[in-house]
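Observations on the three-dimensional arrangement
Given next are the chains, with one letter for each unit.
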Amino acid sequence: MRKPVATFALAAALALGGLAAGPLGSARAAGEVSVPSRDWSFDGLFGAFDPAAMQRGLQVYKDVCASCHGLRFVAFRNLQALGYDADQVAAIAADFEVEDGPDGEGEMFMRPAVGSDTWPSPFPNEQAARVANGGAYPPDLSLIVEARGGGADYLHHLLIGYTDPPADLEVPPGQYYNDYFPGNLIAMPPPLMEGIIEYADGTPATPEQMAADVTTFLAWAAEPQLVERKRMGIKVILFLLVLTGLLYAVKRKVWSDVPH
């Protein structure tokens, strides 16, 4: 009877450790670049996304990032998880057009987006995106937090990591120096500047604040079920702990009359 007890106890411990770390809150490193850790509301076993930060992050994405980067795995109706109601989601979607069809003539046509549509790409294809960006391809941001080593920390520091290059380094035209981009030379211009947007809730839109907010929004986009997963994990852990206790009590009862 000892082996099952130990097995369930070990499983509970591993589950607890995995939930506490999680893919969004693990130790950070991006390529050869060391990325400092930052405290996020969604880190840890009981972490959760901040709705206000997510709404501000959506505003940053719409006003700054969406001109170059898509979000193809996020449907407009998913934005209700940020605290918007159906009418607000419909109004956000209506600001965009998506291709639909064919119509009765066999032609494709453009129409205003609705809640069931996914976020439209700013470019019709990869080649068009490269032509518009000097040969660089702006990645889709749906899974960017999960896809990059360092996760949320890396993305946050990348957005605010633009600095003057060392005196002995010549930066080629169309490149920018960034402390946190592997190799330090990046084709994306500094996207966040003081006063580039005005937050609807009155929060000062500093580059640091905008970087934190859009990172929170993109962390949610990468794993929208994070909070539900944690809640389920806690329930499983509690179940395993109770089951471990019951198994231990049964073991004591079964072996109580056996001489040791």
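Computed from a predicted model, the values in this text were never measured in an experiment.

Let us look at helix α6 (residues 151–160). Where burial is concerned, most of α6 is hidden: nine out of the ten residues are buried. Lining the buried residues of α6 we find α5 (144–147), β4 (185–186) and α7 (207–222).

Moving on, we get to the environment of R130. Within the secondary structure layout, R130 lies in helix α4 (residues 126–132). Those residues within four positions of R130 in sequence are excluded, and the remaining contacts are G135, A136 and Y137.

Scanning the model with the defined rule gives eight salt bridges in all. One salt bridge in this structure joins R72 and D140, with 3.8 Å as the shortest N-O distance. Linking R72 in the loop between α2 (51–65) and α3 (86–93) with D140 in the loop between α4 and α5, this pair joins segments that are 68 residues apart in sequence. You can call R72 partly exposed: its relative accessible area is 46%. Between E126 and R130 there is a salt bridge, with the nearest N and O atoms lying 2.9 Å from each other. Highlighted residues: E126 and R130, both in helix α4, separated by four residues, approximately one helical turn.

This paragraph deals with a nonpolar patch on the surface. A cluster of nonpolar side chains, contributed by V250, V254, W255 and V258, occupies part of the molecular surface with about 330 Å² of accessible area. In this fold, V258 is placed in the segment after α8 (226–254).

Between α2 and α7, whose axes approach to 7 Å, the crossing angle comes to 100 degrees. Between α2 and α7, the interaxial angle falls into the category roughly perpendicular. Counting all contacts with α2, which are made through A53, M54, R56, G57, L58, V60, Y61 and C65, the residues of α7 involved are Q209, M210, D213, V214, T216, F217 and W220. Grouping the amino acids of the contact of α2 with α7 by side-chain chemistry returns ten nonpolar, three polar and two charged.

A few words now on the nonpolar core. Soluble globular proteins tend to pack their nonpolar side chains together in the buried interior. Within the largest apolar cluster, 45 residues are counted, with the highest numbers of intra-cluster contacts made by Y61, F76, L79, W119, F217, L218 and W220. Those elements that place two or more of their residues in this core are α2, α3, α5, α6, α7 and α8. Here this core gets ten residues from one element, more than from any other, and that element is α7. Every residue in contact with L79, bar those within four places of it in the chain, is listed here: L58, Y84, V89, I92, W119, F217 and W220. One finds V33, L158, Y162 and Y180 within the second-largest nonpolar core, a separate group that totals seven residues.

Cut-off values and rules
Residues numbered from 1 in each chain as written. Predicted model: local features only at pLDDT ≥ 70, side-chain atom pairs only at ≥ 80, totals over all residues. Heavy atoms only, no water. Buried < 20%, exposed > 50% of the residue type's maximum accessible area, 1.4 Å probe, protein only. Helix = DSSP H or I, 4+ residues; strand = E, 2+ residues; numbered from the N terminus. Contact = heavy atoms within 4.5 Å. Salt bridge = Lys/Arg side-chain N within 4 Å of Asp/Glu carboxyl O. Patch = residues over 30% accessible without salt bridge, like charges linked within 9 Å, V, L, I, M, F, W, Y side chains within 5 Å. Areas by Shrake-Rupley, 256 points an atom, 1.4 Å probe, with all protein chains shown as cover. Axes fitted to C-alpha atoms, helices over the stretch in contact; angles between N-to-C directions. Parallel < 35°, antiparallel > 145°, perpendicular 65-115°, else oblique. Nonpolar A, V, L, I, M, F, W, Y, C, P; charged D, E, K, R; others polar. Core = buried A, V, L, I, M, F, W, Y, C linked by side-chain atoms within 4.5 Å.

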